[in-house]
Amino acid sequence: MIAQIDSAYIRTRPTRLWSRMVSYALFEGRPLTTRGRWINPLIRAHSKVFGALPAIRKVRAPVYILGTGRSGTTILGIVLSMHREVGFLNEPKLLWAELYAGEDLIGSYNRNPARYRLEAADMTAAIRGVAHKLFGGYLAVSNTSRVVDKYPELIFRTEFVKSIFPDAKFLFLSRSGKATCASIDGWSKRLGTKEGGETHDWWGANDRKWRLLTGQLVPEHADLAVHADKLGDLDHAGRAAVEWIITMREGMRLLEQGNEDILHVPYEALCAEPERWAKKLEHFLELERDEVFERYAAETLSNPAREITFDLPAWLQPVFDATEAELECVSQESAA
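These figures come from a predicted structure and were not determined experimentally.

Asker: I'd like to hear about the pattern of salt bridges, residue by residue, with values.
Answerer: Any two side chains of opposite charge can pair if their charged atoms end up close together. In the structure shown here, the tally under the stated rule is 26 salt bridges. Here Glu243 makes a salt bridge to Lys209, at a shortest N to O gap of 2.9 Å. In this pair, Glu243 is assigned in helix 11 (residues 236–256) and Lys209 in helix 9 (residues 208–217), connecting sequence segments 34 residues apart. For the pair Glu243 and Lys209, a shared accessibility class is recorded, and that class is buried. We note a salt bridge from Glu294 to Arg289, for which the minimum N-O separation is 2.5 Å. Glu294 gets classed as buried once you look at its relative accessible area, which sits at 2%. Among the ionic contacts, a cluster of salt bridges with common partners joins Glu91, Lys93, Lys150, Glu153, Lys209 and Glu243.

Listed below in C-alpha cells is the structure:
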C-alpha cells in the first residue's frame, strides 16, 4: 500500500491524494528495512534547497503524534490527514536528521552519535530557521495549512520541539502494552533484514536503537536499571515491553505537568467512539469542523477484539503489569 492510501481513502476525498503523495514522495524518506531508499539523496537535496530559500509559508501550531510505534500512531495520522486543513507526514525522520545530526536513533540516515533526549538547549537559531522553512515549504507544496507529524520518539524531545515551534501541539497516543508489544514482535520478525553484514530491524542497525534506549533511558528507571545485566537476554517481545514501559511513563509524566498543549488519546477509547474523538481532536487542534473527516474516522477506526498473550521474564512481568495498571487509570480519566 503506497503512502498508506487505499481505495476507501481515495473515494472519501480524492483531493487528499495530492498531499499524501507529496508527503510520501518528497518529504518522508525511506528508513532501513524499506524499499526505495534510492530516493533519500533526492529528498535530502531538495530539503537543502528549501532550507536555503526564504520562508514561503508560515507554520502555525504544528501537531506531533507521540507514543510507541505499532500502537496506532499511523492510522491516527492517516485519519487526521482526511481533514481538509491537514497535511500528514509519516515519520519524516530524514528531515529531522537534516535539522539535528545527532537525532537518528535507528541509523537510517546517518551513523552519528545520537541521543534519545533533546532539550531546548540543543536548539539553535539556525535549526529554528531551517525547520520553519522546511515545514513551511511542505505546507506550500502539499497545499495544506496544518502539519501533522507522526514521530513517536519525539515524546522524549517535546522541549526541543517547543523551542522551534512554541505553539506546537502534541497527541500522546497510548495503547495496551500487550497489543503494542505483540505488534512490535511480529513486525521485527516479519520485516527484519540483513544487509551488508548488518541486521536491520525494529532495533535499528545492529541494535543501535536498543543500545541507545538501554544506555540512555533505562538508567532513569530504577526498577529496570537494577536488572541491567538481564537486558541482553531479552527477545523482541521483552525488548518491546521495556520500550513500551519507558515511553508510557514518559507520556504520563508529560500529562502530570498539566501542559495544555498535550492531549492524551487512548487508542482503545478512540476506536470505541471514533466520531466523538474526531470532534474532540478538531476542538483541541483548533481545526474547523469537517464532517467528511468525522465520518471517515467513524468508518475507519476499529479495535481488533482478539486475545493477546505472551510471556515475559519473571523480573520484567511485574514492572510491565504495574505500568499497564497505572496507564489504565490515566486512560479512563482521559476517555471520560
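Asker: I'd love a proper account of the environment of Thr33, names of residues and values included.
Answerer: With respect to the helices, strands and loops of the structure, Thr33 is situated in the loop between helix 2 (16–27) and helix 3 (40–52). In this structure Thr33 comes out as partly exposed when scored by relative accessible area, which is 22%. Along the backbone, Thr33 and Gly192 are 159 residues apart, and their C-alpha atoms lie at a distance of 6.5 Å. If we ignore the near neighbours within four places in the chain, the residues touching Thr33 are Trp187, Leu191, Thr193, His200 and Asp201.

Asker: Outline the sheet that holds strand 6 (residues 198–201), supporting the account with residue identities and numerical values.
Answerer: Spatially, three strands are ordered 5-6-7 in an open sheet, and the strand pairing comes out antiparallel. Looking along the sheet, the strands with just one partner apiece sit at the ends: strand 5 (193–195) and strand 7 (204–205). Note: strand 5 against strand 6, three bridges, orientation antiparallel. Within strand 6, the position partnered with Thr193 by the bridge is His200.

Asker: Describe in detail the layout of surface pockets, supporting the description with residues and values.
Answerer: Of the pockets and cavities examined, the largest pocket occupies roughly 1,500 Å³. As for the largest pocket, its lining consists of 50 residues, and the residues nearest its centre are Arg70, Thr74, Asn90, Lys150 and Trp187. Listing elements by their share of the lining of the largest pocket, those giving two or more residues are helix 4 (73–81), helix 8 (177–191) and helix 12 (267–272). When residues of the lining of the largest pocket are assigned to their parent elements, the largest contribution, six residues, is made by helix 8. By residue class, the composition of the lining of the largest pocket is 19 nonpolar, 16 polar and 15 charged.

Asker: Quick rundown of the side chain of Glu103? Include the residues and the values.
Answerer: Mapped onto the secondary structure, Glu103 falls in the loop between helix 5 (93–99) and helix 6 (125–142). At 2.5 Å, the side chain of Glu103 forms a polar contact with the side chain of Tyr151. Within polar-contact distance, the side chain of Glu103 engages the side chain of Arg157 at 2.6 Å.

Asker: Which residues make up the sheet that holds strand 2 (residues 86–90), and what are the values?
Answerer: If you trace the five strands from one edge of the open sheet to the other, you get 2-3-1-4-8, paired in parallel fashion. Each edge of the sheet is formed by a strand with only one pairing partner; in this case those strands are strand 2 and strand 8 (262–266). Here the strands of the sheet are splayed against their neighbours by 20° on average, with no regard to which way each runs. Here strand 1 (residues 63–67) runs beside strand 3 (residues 146–150); their pairing, made up of three bridges, is parallel.

Asker: Account for helix 13 (residues 274–285), naming residues and giving values.
Answerer: Taking 1.5 Å of rise per residue, the twelve residues of helix 13 would be expected to cover 16 Å, and the 16 Å separating its terminal C-alpha atoms lies within 8% of that figure. All buried positions along helix 13 are accounted for by Pro274, Trp277, Ala278, Leu281, Glu282, Phe284 and Leu285. Downstream of helix 13 by one or two residues, Glu286 has phi in the positive range, about 60°.

Asker: Report on the packing of aromatic side chains, specifying residues and quantitative values.
Answerer: Per the counting criterion, the structure on display carries 13 aromatic pairs. Here the basic side chain of Lys280 rests over the ring of Trp277, its NZ or CZ set 4.2 Å away from the ring centre.

Asker: Give me the lowdown on the side chain of Arg175, citing residues and values where you can.
Answerer: Mapped onto the fold, Arg175 is located in the loop between strand 4 (169–174) and helix 8. One buried charged side chain, Arg175, makes no salt bridge at all; its nearest oppositely charged neighbour is Glu268, positioned 4.7 Å away.

Asker: How would you summarise helix 2 if you had to cite specific residues and measurements?
Answerer: For helix 2, spanning twelve residues, the distance from its first C-alpha to its last is 16 Å, which sits close to the expected 16 Å at 1.5 Å a residue. Buried within helix 2 are the following residues: Arg16, Ser19, Arg20, Val22, Ser23 and Phe27. For helix 2, the buried positions fall inside an angular range of 160° around the axis, keeping them on one side. Residues of helix 2 that are buried make contact with helix 1 (7–12), helix 3, helix 4, strand 2, helix 5 and helix 6.

Asker: Break down a nonpolar patch on the surface for me, citing the residues and quoting the values.
Answerer: Nonpolar side chains collect at one region of the surface, where Ile2, Ile10, Leu17 and Met21 lie side by side and expose about 300 Å² of accessible area between them. By relative accessible area, Met21 is classed as partly exposed at 32%.

Criteria and cut-off values
Residues numbered from 1 in each chain as written. Predicted model: local features only at pLDDT ≥ 70, side-chain atom pairs only at ≥ 80, totals over all residues. Heavy atoms only, no water. Salt bridge = Lys/Arg side-chain N within 4 Å of Asp/Glu carboxyl O. Helix = DSSP H or I, 4+ residues; strand = E, 2+ residues; numbered from the N terminus. Buried < 20%, exposed > 50% of the residue type's maximum accessible area, 1.4 Å probe, protein only. Contact = heavy atoms within 4.5 Å. Pairing = 2+ DSSP bridges. 1 Å grid on protein atoms, 1.4 Å probe; cavity = no way out; pocket = protein on both sides within 12 Å on 5 of 7 lines; lining within 4 Å. Points joined across faces, edges and corners; volume = space filled by probe spheres on them. Nonpolar A, V, L, I, M, F, W, Y, C, P; charged D, E, K, R; others polar. Polar contact = N/O pair within 3.5 Å; in protein donor to acceptor, adjacent residues only side chain to side chain. Axes fitted to C-alpha atoms, helices over the stretch in contact; angles between N-to-C directions. Expected span 1.5 Å × (residues − 1). Phe/Tyr/Trp six-rings, centres within 6.5 Å; stacked < 30°, edge-to-face > 60°. Lys NZ or Arg CZ within 6 Å of the ring centre and 35° of its normal. Lys, Arg positive; Asp, Glu negative; His and termini not counted. Arc of directions from axis to C-beta. Patch = residues over 30% accessible without salt bridge, like charges linked within 9 Å, V, L, I, M, F, W, Y side chains within 5 Å. Areas by Shrake-Rupley, 256 points an atom, 1.4 Å probe, with all protein chains shown as cover.

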